[in-house]
Amino acid sequence: MKKLTFKSENIAKLYNRRIILENISFSLSDGTAFAITGKNGSGKSTLVKILCGVLSPTRGSVEFSVGGAIVPYPDYYPHIGLVSPYLNMYEEFTAEENLSFIAKVRSLEREWQERSNMLLKEFGIYDHRKKEVRYYSSGMKQRLKYCAALLHQPSLLVLDEPSSNLDSYGIDAVRKFMVLQKQNGILMFATNDAEDLQFADRVYSIEIGNH
Amino acid sequence: MKKLTFKSENIAKLYNRRIILENISFSLSDGTAFAITGKNGSGKSTLVKILCGVLSPTRGSVEFSVGGAIVPYPDYYPHIGLVSPYLNMYEEFTAEENLSFIAKVRSLEREWQERSNMLLKEFGIYDHRKKEVRYYSSGMKQRLKYCAALLHQPSLLVLDEPSSNLDSYGIDAVRKFMVLQKQNGILMFATNDAEDLQFADRVYSIEIGNH
Amino acid sequence: MMIISTSYHIFVKEFVSEFRTRYALNALLMFVVTTLSIILFSIGQESPSIDVLSGTLWIVIFFSAMSGLSRTFVAEEERGTSLTLRLLVNASSVYIGKLVYNFALILVLSVIIAVSYVLFITEFTVKTFEIFWLTILLGSAGLASASTILAAIIAKANTKGTLFPVLAFPILLPLLLTCINATKLATEGAFLVEAVKEFQILISFTVVMIATSFLVFDFVWKD
Amino acid sequence: MMIISTSYHIFVKEFVSEFRTRYALNALLMFVVTTLSIILFSIGQESPSIDVLSGTLWIVIFFSAMSGLSRTFVAEEERGTSLTLRLLVNASSVYIGKLVYNFALILVLSVIIAVSYVLFITEFTVKTFEIFWLTILLGSAGLASASTILAAIIAKANTKGTLFPVLAFPILLPLLLTCINATKLATEGAFLVEAVKEFQILISFTVVMIATSFLVFDFVWKD
Amino acid sequence: MKTWLKIAVSVWLTGIIIAGIAFPMVKVPQTWYEFPFIPGLEEKARNIIFHVPISWATVVAFAMSMIYGIIYLRKKDIDYDLRSVSSASLGLLLCILATVTGAIWAKFNWGSFWNWDPRQTSIFILLLIYGAYFVLRSAIDEEERRATLSSVYSIIAGVTVPFFIFVMPRIMSGLHPGSLGDEQGKGPVLEFKMAPNMLMVFFASLIGFTVLYFWMYSLKVRQMRIERHVQQITETH
Ligand code: HEM
Ligand SMILES: Nc1ncnc2c1ncn2[C@@H]1O[C@H](COP(=O)(O)OP(=O)(O)OP(=O)(O)O)[C@@H](O)[C@H]1O
Ligand SMILES: Nc1ncnc2c1ncn2[C@@H]1O[C@H](COP(=O)(O)OP(=O)(O)OP(=O)(O)O)[C@@H](O)[C@H]1O
Ligand SMILES: [Mg+2]
Ligand SMILES: [Mg+2]
């Protein structure tokens, strides 16, 4: 496995001149589980979006390197898997079609089909794979998001509110993949849940408070 | 305080001939905290919508009576407060405007203004009351939903996933109002969270399993 | 009465929401300007007949109305506020509030369109202004009455994949054709009494449409 | 090449999604059918000039395109799938996939409009069919090229519906005027070579528009 | 801008306005301040001194707006967006003035205020484009996003302008100098048919209005910076 590092330097984000995040710097390497915590409205989700490169920071930068070589901005998307309340699946497609779209667009190897089935089973929605996502319950949607994020075996897995909407079976499945991810790459998650925090090696707490 | 009873009789719900709920009957009176639990996709949210009268059941009926007199279908809306992931506030309005719209449409008495401010403070979003809801974080939105549901002091408070998106301060506030509701009326909630379940006097578990 | 007050608050909500997205209103105005100039361009140097001009007037009103009105219910559905609203007020108030709002919007819009039409398109000479303005008024009412219930249906229909035009077309066409006819009468200098037939059609269309919508709205509104 | 394959998958996704929801198709058909019948009705007994008819043909195509294409990006934004897509593929593939899809949609649409125009409006006689169909083809390409990037812009704005034609019209005007001119040539029975200049304008408009969009799309797509 | 420059511009433009309005136009000029008739325009030709420079300043303003838009996209510094809007709003103002002076001229020269002459058409489209530009801006309330999207729109609109130059003369014949229907070909200014004294006033006016534009522009930018700053202060308190 190649050595990974993920660095964030002096990230700041302003919305309409209001400071949401300021001076956020850290550096992670593989085998780390990094948790971001903070009160409601402290900026966790904003930070997660910036770290994944889907929102541009007002200042600062994110640097991702694989095996010593820096991977520039749009190229690091293939290394990232994201689960977030702000990220939805296509509701008019079935779970299977969603995963197959993702696999094709990401140009995954042939074996994605097996992996997809394995993930659907692990997350207990295999029996619903031919149902359109708009008929899913909130927990089933959350489970599908995990399948989608893990399909390409990302080196960096980013989770925003990992256990929301899930029942205990769902949480167990998530925990299992969190542990696996920590062994094979970098895990990063934003949470308010004390139990989730126990999975972290390092915890970053956003403290600017309610803006 | 008037005596309240809430009865559900033989409720069944089918979606496209697929049975989601079947034979659900129970009867509650004031001072009860009633929890609905079950795996993801077991039909909790569907049941909650039916009980609140915003979704019609395939079979069965809901009966709500205040002080012995039965309140027929559209008239019992004023007695219900609902918090659910399927219910959103108007994003282009501020928190204050949302609450004032609700108060006006519900024809609440003058004092709603004080109650609204009290709730906003209790749920820690008073400082954000003049911010448009679309700029709210997920937890702040959830807090606002509580303010909206509690504004008219409903006799029946229904919560779907009560603690989702909330941090520990938020959860404390919610718990406080759950206890209060139990003293002043009926509390009903659908959850997967073991801690939430401790607040229930009665637990109803939907068991048909994954359909 | 309770229902009037709640309908009024729904109306106010729609109105403020439109203003908040202040954009919508000025975008709508700019839209009217744009559409009119398209017509001016296509007319160019020549002078088309009054018939064609009356036709285009109502096409413009129709398009502006549809692009503004179709969102009234879709927006509630897409943003997940329809559940909120359903729990807050009875269906009738929602219907009345939205209907009145739609009527107000469409009336303002078609008056703006009509005024600029009369001012800028010199070939379009209205001789009987009573007929013309009454047509605009009643036509707007008719369009609002039909499009409110249609908008409620679309809001639910997009998931079901029904072909909406099949629903809308036979409903809207008689209305538009009558309006065009009445407009022609106005440009030909007919007396007010000569257009009574048209007005009767427009009024009964509106009344029938509102009454029917009122009866069926509850089914559309409740999931 | 990688980018071609991903663009292709985006295209297929759009296509299947439209087929499932029929959202754009509904809106489009409604506008086309209603507008065409109003035009037919208002023409009535008289025979308007070819100039006016060519003008209205392109107005109908323009408005139908406007009501159908605006959803391509708005739908992603409103359903919260734009974040998913942004994380999955590079911006260029998204642009190309959507562009090709829009082109296909608008081409089908304008062919439908054109065929019914030729069939039902007897005054509209096309003499040089090569010019006519080439204009429809190139005109659709031009419309798709400009409206794809504009649809991406309005998806990020707070008001969507009415904004689209307002932004699009001034940009599409040179295209529309050229199309109208070429259509006139086709009805006058000009030789194919006489319309070469028009085709050059249409092609270069499309090429310039796509090239520019390609350069700026990333700014629009990334928040 | 330096104070002396402001005074100079004021004096300069006052002189031009006096000259433009008060200097008599005669068939055969006798003194240095008398302008000769231009065939076809007669004394109405004095409008050249106002209409043409204003039209020119409009073009400059819109071009500046687009250029600052492009710089914004590269640098992502909100100040460039302020400059871009400032210039666009002045451009819109000047554009309206050019339309009005042009329309008045047209009324007396061609008989009607408006007749879809190619130049009138193109100025009308400019009005539509920038009308749309400001509607778009009002529809976005997040500063950075507003700046980005409106810059992109002005670029997209900018590339269509050359097409108008090609397309317009093919579509419609016009009365405006330089268009299809104009038998003499170029009009008086382009051919420099003006008398030397008038030409001097004309160029002086061209320079005067251009400098005036830059003055107004710098004022507008400063005003917008201050507004933004005040807003920032009131929001954080
Ligand atoms: C509302 C729009 C306009 C109207 C009604 C208008 C009208 C006129 C008229 C009547 C003349 C005198 C023509 C003659 O010599 O017979 C003129 C000249 C001129 N206009 Fe305009 N104009 C308009 C817009 C513009 C614009 C947008 C520009 C430039 C960007 C422009 C540039 C000029 C120039 C350079 C001349 C002098 C040409 C010459 O006489 O050689 N005009 N205009
Ligand atoms: N587009 C926006 N414009 C202005 N302010 C915004 C915008 N998006 C988010 N905010 C503000 O940024 C702050 C942080 O939001 P964010 O969603 O990152 O919080 P969070 O830590 O994820 O909260 P939660 O625990 O509730 O999910 C909030 O105060 C929110 O109001
Ligand atoms: N409109 C619909 N059509 C068909 N099936 C549906 C529809 N809505 C929900 N379902 C199905 O009904 C079942 C119950 O859904 P519901 O949302 O009530 O579950 P839930 O218990 O709330 O789950 P969760 O814990 O994930 O929130 C699910 O299997 C879902 O797929
Ligand atoms: Mg969050
Ligand atoms: Mg649920």
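Residues numbered from 1 in each chain as written. Chains lettered and ligands numbered in written order. Predicted model: local features only at pLDDT ≥ 70, side-chain atom pairs only at ≥ 80, totals over all residues. Heavy atoms only, no water.

### Some points on the overall build of chain A
Piece 1. Counting its regular elements, chain A contains 6 helices and 9 strands.
Piece 2. Computed over its C-alpha atoms, the radius of gyration of chain A comes to 17 Å, within 12% of the 17 Å expected for a compact globule of 211 residues.
Piece 3. Oriented by its inertia axes, the alpha-carbon framework of chain A measures out at about 45 × 35 × 35 Å.
Piece 4. The burial tally for chain A puts 58% of its 211 residues in the buried class.
Piece 5. Surface accessibility of chain A: about 8400 Å² in total, with carbon and sulfur atoms responsible for 47%.
Piece 6. For chain A, the centre of its 26 positive side-chain charges and the centre of its 24 negative side-chain charges are spaced 3 Å apart. (Helix = DSSP H or I, 4+ residues; strand = E, 2+ residues; numbered from the N terminus. Rg over C-alpha atoms; globule rule 2.2 N^0.38 Å. Buried < 20%, exposed > 50% of the residue type's maximum accessible area, 1.4 Å probe, protein only. Areas by Shrake-Rupley, 256 points an atom, 1.4 Å probe, with all protein chains shown as cover. Lys, Arg positive; Asp, Glu negative; His and termini not counted. Charge placed at Lys NZ, Arg CZ, Asp CG, Glu CD.)

### Focus: the site of ligand 3
Piece 1. The immediate surroundings of ligand 3 are formed by 19 residues, with A:Tyr135, A:Ser137, A:Gly139, B:Lys44 and B:Thr46 found nearest.
Piece 2. B:Asn40 is positioned such that a nitrogen or oxygen atom in its side chain is 2.9 Å from an oxygen atom of ligand 3.
Piece 3. For ligand 3, the accessible surface in isolation is 640 Å², of which the surrounding protein chains cover 91%.
Piece 4. Broken down by secondary-structure element, the contributors of at least two residues to the shell around ligand 3 are helix H4 (138-150) of chain A together with helix H1 (44-52) of chain B. (Near = heavy atom within 4 Å. Polar contact = N/O pair within 3.5 Å; in protein donor to acceptor, adjacent residues only side chain to side chain.)

### So, the packing of helix H3 (residues 50-69) of chain D against helix H6 (residues 91-120) of chain D
Residues and elements named next belong to chain D.
Piece 1. Orientation of H3 relative to H6, taken along the N-to-C sense of each, is 145°, at an axis distance of 10 Å. Between H3 and H6 lies a crossing whose hand is right-handed. Across from Leu53, Thr56, Leu57, Val60, Ile61, Ser64, Ala65 and Leu69 in H3, the residues of H6 making contact are Asn102, Leu105, Ile106, Leu109, Ser110, Ile113, Ala114 and Tyr117.
Piece 2. Looking at the contact of H3 with H6 residue by residue, the classes come out as 12 nonpolar, 4 polar and no charged. (Axes fitted to C-alpha atoms, helices over the stretch in contact; angles between N-to-C directions. Left-handed = near helix turned anticlockwise from the far one by under 90°. Contact = heavy atoms within 4.5 Å. Nonpolar A, V, L, I, M, F, W, Y, C, P; charged D, E, K, R; others polar.)

### Points about the sheet that holds strand E4 (residues 59-66) of chain A
Either a parallel or an antiparallel arrangement is found when strands of a sheet pair, and the pairing is made through backbone hydrogen bonds.
Residues and elements named next belong to chain A.
Piece 1. With antiparallel pairing, the 4 strands of this open sheet are ordered in space as E2-E1-E4-E5. Of all strands in the sheet, those bounded by a partner on one side alone are strand E2 (18-29) and strand E5 (69-71). When strand polarity is set aside, the average angle formed by the axes of neighbouring strands in this sheet is 25°.
Piece 2. Pairing geometry for strand E1 (residues 4-15) and E2, over 8 bridges, is antiparallel. Directly across from Phe6, in E2, lies its bridge partner Leu28.
Piece 3. Against the sheet, helix H1 (residues 44-51) makes contact with E1, E2 and E4, and its axis sits at roughly 125° relative to E1, the strand it touches most. (Pairing = 2+ DSSP bridges.)

### Focus: the sheet that holds strand E9 (residues 202-205) of chain A
Residues and elements named next belong to chain A.
Piece 1. Pairing is parallel across the open sheet formed by 5 strands, whose spatial order is E6-E7-E8-E3-E9. Each edge of the open sheet carries a strand with a single partner, namely strand E6 (80-83) and E9. Pairwise comparison of adjacent strand axes, ignoring direction, gives a mean angle of 15° for this sheet.
Piece 2. H1 contacts strand E3 (33-37), E6, strand E7 (156-160) and strand E8 (186-190) of the sheet and is inclined by roughly 140° relative to E3.
Piece 3. Its contacts with the sheet place H4 against E6 and E7, and it is angled at close to 175° to E6.

### Details of the environment of B:Phe26
Residue and element names in this part refer to chain B.
Piece 1. On the secondary structure map, Phe26 appears in strand E2 (residues 18-29).
Piece 2. Sequence-wise, Phe26 and Asn10 are 16 residues apart; in three dimensions their C-alpha atoms are separated by 8.5 Å.
Piece 3. Discounting chain neighbours no more than four positions away, the residues touching Phe26 are Phe6, Lys7, Ser8, Phe34, Leu51, Met188 and Arg202.

### A few points about the nonpolar core
Piece 1. Of all hydrophobic cores here, the largest spans 260 residues; its most connected members are A:Phe6, A:Leu144, D:Phe62, D:Leu172 and E:Tyr153.
Piece 2. Ranked by the residues each element gives to this core, the list is headed by helix H8 (residues 163-188) of chain D, at 16 residues.
Piece 3. Setting aside residues up to four positions removed in sequence, A:Leu144 forms contacts with A:Met89, A:Ala95, A:Leu99, A:Leu120, A:Ile125, A:Val133 and A:Tyr136.
Piece 4. Formed by 87 residues, the second largest nonpolar core is a distinct cluster that contains B:Leu47, B:Ile102, B:Val133 and B:Leu156. (Core = buried A, V, L, I, M, F, W, Y, C linked by side-chain atoms within 4.5 Å.)

### Observations concerning the pattern of salt bridges
All names here are of chain B.
Piece 1. The tally for this structure, following the rule as stated, stands at 34 salt bridges over all chains.
Piece 2. Linking Glu96 and Arg129 is a salt bridge whose minimum nitrogen-to-oxygen distance equals 3.4 Å. Of this pair, Glu96 sits in helix H2 (residues 95-105) while Arg129 sits in the loop between helix H3 (112-122) and helix H4 (138-150), and the two are 33 residues apart along the sequence.
Piece 3. We classify Glu96 as partly exposed; its relative accessible area is 24%. (Salt bridge = Lys/Arg side-chain N within 4 Å of Asp/Glu carboxyl O.)

### Side note on the side chain of A:Gln181
All names here are of chain A.
Piece 1. By the element assignment, Gln181 lies in helix H5 (residues 168-184).
Piece 2. Looking at Gln181, the relative accessible area reads 6%, which means it is buried.
Piece 3. Polar side-chain contacts of Gln181 include one of 3.1 Å to the backbone oxygen of Ile186.

### Points about the packing of H2(B) against helix H1 (residues 2-20) of chain C
Piece 1. Orientation of H2(B) relative to H1(C), taken along the N-to-C sense of each, is 160°, at an axis distance of 9 Å. Taken together, the axis directions place H2(B) and H1(C) in an arrangement best described as roughly antiparallel. As for the relative orientation of H2(B) and H1(C), their crossing is left-handed in sense. When H2(B) is examined against H1(C), the residues B:Glu97, B:Phe101, B:Lys104 and B:Val105 are found in contact with a partner set consisting of C:Met2, C:Thr6, C:His9, C:Ile10, C:Lys13 and C:Arg20. (Parallel < 35°, antiparallel > 145°, perpendicular 65-115°, else oblique.)

### Quick word on the environment of A:Tyr136
Residues and elements named next belong to chain A.
Piece 1. By the secondary structure assignment, Tyr136 is in the loop between helix H3 (112-122) and H4.
Piece 2. Here Tyr136 falls in the buried class, since its relative accessible area comes to 3%.
Piece 3. On a C-alpha basis, the gap between Tyr136 and Lys104 in space is 23 Å, while along the polypeptide they are 32 residues apart.
Piece 4. A distance of 2.8 Å separates a polar atom in the side chain of Tyr136 from the backbone oxygen of His128.

### Looking at H1(B)
Piece 1. Burial analysis of H1(B) places 8 of its 9 residues in the buried class, the great majority of the element.
Piece 2. At the C-terminal side of H1(B), B:Gly53 shows a positive phi close to 80°.

### Things to note about helix H2 (residues 95-105) of chain A
Piece 1. Burial of H2(A) is extensive: 8 of the 11 residues sit out of reach of the surface.
Piece 2. Every buried residue of H2(A) is accounted for by A:Ala95, A:Asn98, A:Leu99, A:Ser100, A:Phe101, A:Ile102, A:Ala103 and A:Val105.
Piece 3. Each element contacted by the buried residues of H2(A) is listed here: H3 and H4 of chain A together with helix H1 (2-21) and helix H5 (82-88) of chain D.
Piece 4. Looking one or two places after H2(A), you find A:Ser107, whose phi comes out positive at around 50°.

### Here's the deal with the packing of aromatic side chains
Piece 1. Evaluation of the coordinates by the stated rule reveals 52 aromatic pairs over all chains.
Piece 2. With centroids separated by 5.0 Å and ring planes inclined at 85°, the aromatic side chains of D:Tyr117 and D:Phe124 adopt a geometry described as edge-to-face. The residues D:Tyr117 and D:Phe124 share a single accessibility class, namely buried.
Piece 3. Over the face of the ring belonging to A:Tyr86 we find A:Lys49, whose NZ or CZ atom lies 4.1 Å from the ring centre.
Piece 4. The ring of B:Tyr126 has B:Arg129 lying over it, and the distance from NZ or CZ to the ring centre is 4.0 Å. (Phe/Tyr/Trp six-rings, centres within 6.5 Å; stacked < 30°, edge-to-face > 60°. Lys NZ or Arg CZ within 6 Å of the ring centre and 35° of its normal.)

### What about the confidence of the model for chain A?
Low pLDDT marks stretches whose predicted atomic positions should not be read closely.
Piece 1. In the predicted model, chain A carries a mean pLDDT of 90, and 98% of its residues have values of at least 70.
Piece 2. Across chain A, element-level confidence peaks in H4(A) with a mean pLDDT of 96 and bottoms out in E5(A) with 88. (pLDDT = per-residue confidence, 0-100.)

### Section: unusual backbone geometry
Piece 1. Despite not being glycine, B:Ser107 has its phi angle at roughly 50°, a positive value.
Piece 2. Assignment of secondary structure puts B:Ser107 in the loop between H2 and H3.
Piece 3. Unusually for a residue other than glycine, E:Lys76 sits at a positive phi of about 55°.
Piece 4. Tracing the backbone shows E:Lys76 in the loop between helix H2 (48-75) and helix H3 (78-109).
Piece 5. Note on E:Lys76: relative accessible area 45%, which makes it partly exposed.

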